[in-house]
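# Survey of secondary and tertiary structure
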Amino acid sequence: MSVRPSAAGPTAPRETAVRARVPLTLDRAGRRLPAELVTFRGLPDAGEHVACLLPGGSGGRGGSGAGNGIGSGGVPLVRLHSECLTGDVFGSTRCDCGPQLDEALRRISAEGGAVLYLRQEGRGIGLYNKLDAYLLQGAGTDTFEANRLLGRGTDERDYAAAAAMLRALGLRRVRLLTNNPDKVRQLSDHGIHVEDTVPTRVHLTRENAAYLAAKAHLGRHTLTLPAETAR
């Protein structure tokens, strides 16, 4: 018995869609915040990225797009936050990730919007490589050169998944909470309209001064640092 070849062509990429919505309360950033964690199917990469939707207080701007869980009638405030175990979980002071996450949760919970928590540890190089890079930085190498010495890119993050998540949530227009112009550029390239860029605060400590200086002077982040901060 012969088997006829299938007439179907190559399988088209799956469109990203919401997989599950999980309501919960966050005890974070000095307050208790009602939130909803959203998972996805059909993302363009293998990361288990999640969206944390925050409905906003009364009178907040809310969000755009029916059924997204963050209100309606305005353009939502959105933060793309790359996973940082050392800063987000353990509270390391050698970066500004934990304070940025807390700031994002506070500000977005007041206005309505979303934090996209992206599994991009170490600007995409992974946790172990990031810790190896920390050792190089301890010897005087900046955060970007440390990645290069490990044979990795200075910033390997791709925001195609973030754009797909926003489209699945019905959020094609956003106000982006960031100091990183690459996030704005990549979202725009993927069809998300960034209506406004809202800067985060500068969370400067003695331990992260060199790191923030490298982000400002080498990574072109829009950070205003004291003149005496190490370059």
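Heads up: these notes are all about the structure in this document.

Cut-offs used in this document
Residues numbered from 1 in each chain as written. Predicted model: local features only at pLDDT ≥ 70, side-chain atom pairs only at ≥ 80, totals over all residues. Heavy atoms only, no water. Helix = DSSP H or I, 4+ residues; strand = E, 2+ residues; numbered from the N terminus. Buried < 20%, exposed > 50% of the residue type's maximum accessible area, 1.4 Å probe, protein only. Contact = heavy atoms within 4.5 Å. Areas by Shrake-Rupley, 256 points an atom, 1.4 Å probe, with all protein chains shown as cover. Salt bridge = Lys/Arg side-chain N within 4 Å of Asp/Glu carboxyl O. Pairing = 2+ DSSP bridges. Axes fitted to C-alpha atoms, helices over the stretch in contact; angles between N-to-C directions. Polar contact = N/O pair within 3.5 Å; in protein donor to acceptor, adjacent residues only side chain to side chain. Expected span 1.5 Å × (residues − 1). Core = buried A, V, L, I, M, F, W, Y, C linked by side-chain atoms within 4.5 Å.

## Topic: the overall build of the chain
Within the chain, the regular secondary structure consists of seven helices and seven strands. In the chain, the succession of α and β elements from N to C terminus is β-β-β-β-α-α-β-α-α-α-β-α-β-α. For the chain, the residues scored as buried account for 45% of the 231 residues in total. Here the contacts in the chain between residues at least 6 apart in sequence split such that 58% fall between residues at least 24 apart. Approximately 12,000 Å² of the chain is accessible, and the part contributed by carbon and sulfur atoms is 52%.

## A look at unusual backbone geometry
A positive phi angle, near 60°, is found at Ala 29, a position not held by glycine. Following the sequence through the fold, Ala 29 ends up in the loop between strand 1 (17-28) and strand 2 (31-41). Exposure remark for Ala 29: the relative accessible area of 15% places this residue in the buried category. A positive phi angle, close to 55°, is found at Arg 123, a residue other than glycine. Its location among the elements puts Arg 123 in the loop between strand 5 (113-118) and helix 3 (127-138). Given the relative accessible area of 13%, Arg 123 is considered buried.

## Topic: the pattern of salt bridges
Under the defined criterion, the tally for this structure stands at 13 salt bridges. A salt bridge links Asp 182 to Arg 185; its shortest N-O distance comes to 2.6 Å. With Asp 182 and Arg 185 both in helix 6 (residues 181-189) and three residues apart, the pair spans about one turn of that helix. Of the charged contacts in the structure, one is a salt bridge between Arg 185 and Asp 189, with a shortest N-O distance of 3.1 Å. With Arg 185 and Asp 189 both in helix 6 and four residues apart, this pair spans about one turn of that helix. Residue classification places Arg 185 among the partly exposed residues on the basis of a relative accessible area of 45%. One continuous salt-bridge network, built from bridges that share partners, spans Asp 182, Arg 185 and Asp 189.

## So, the sheet that holds strand 5
If you trace the seven strands from one edge of the open sheet to the other, you get 1-2-3-5-4-6-7, paired in mixed fashion. Every other strand in the sheet has two partners, leaving strand 1 and strand 7 (193-198) as the edge strands with one partner each. The mean inter-strand angle of the sheet, taken between neighbouring strand axes irrespective of direction, is 30°. Note: strand 4 (residues 77-82) against strand 6 (residues 173-177), two bridges, orientation parallel. Looking at strand 6, one finds that Leu 77 is bridged to Arg 175. On top of the sheet, helix 5 (residues 160-168) reaches strand 1, strand 2, strand 3 (50-54), strand 4, strand 5 and strand 6; it is set at about 145° to strand 5, its chief contact. Packing against the sheet, helix 6 makes contact with strand 4, strand 6 and strand 7, and its axis sits at approximately 170° to strand 7.

## Structural notes on helix 6
Buried residues of helix 6: Lys 183, Val 184, Gln 186 and Leu 187, and no others. Regarding helix 6, its N-cap is Asn 180, as a side-chain oxygen of that residue lies 3.0 Å from the backbone nitrogen of Asp 182 further along. One or two residues past the end of helix 6 sits Gly 191, with phi positive at roughly 90°.

## A look at helix 2 (residues 97-111)
Counted at 1.5 Å a residue, the expected span for helix 2 with its 15 residues is 21 Å, and the 21 Å between its end C-alpha atoms agrees. What helix 2 keeps buried is the set Cys 97, Gly 98, Gln 100, Leu 101, Glu 103, Ala 104, Leu 105, Ile 108 and Ser 109. Once helix 2 ends, the next one or two residues include Gly 112, with phi positive near 95°.

## Looking at the nonpolar core
Generally speaking, soluble globular proteins have nonpolar side chains that are buried together. Within the largest apolar cluster, 25 residues are counted, with the highest numbers of intra-cluster contacts made by Ala 51, Leu 80, Leu 116, Leu 166 and Leu 187. Breaking this core down by element, the ones donating at least two residues are strand 2, strand 3, strand 4, strand 5, helix 5, strand 6 and helix 6. Top contributing element to this core by residue count: helix 5, with six residues. Not counting the four nearest positions on each side in its chain, Leu 116 is found in contact with Val 50, Ala 51, Val 78, Arg 79, Leu 80, His 81, Ala 162, Met 165 and Leu 166. Leu 33, Cys 52, Leu 101 and Val 115 belong to the second-largest nonpolar core, a separate cluster that totals 13 residues.

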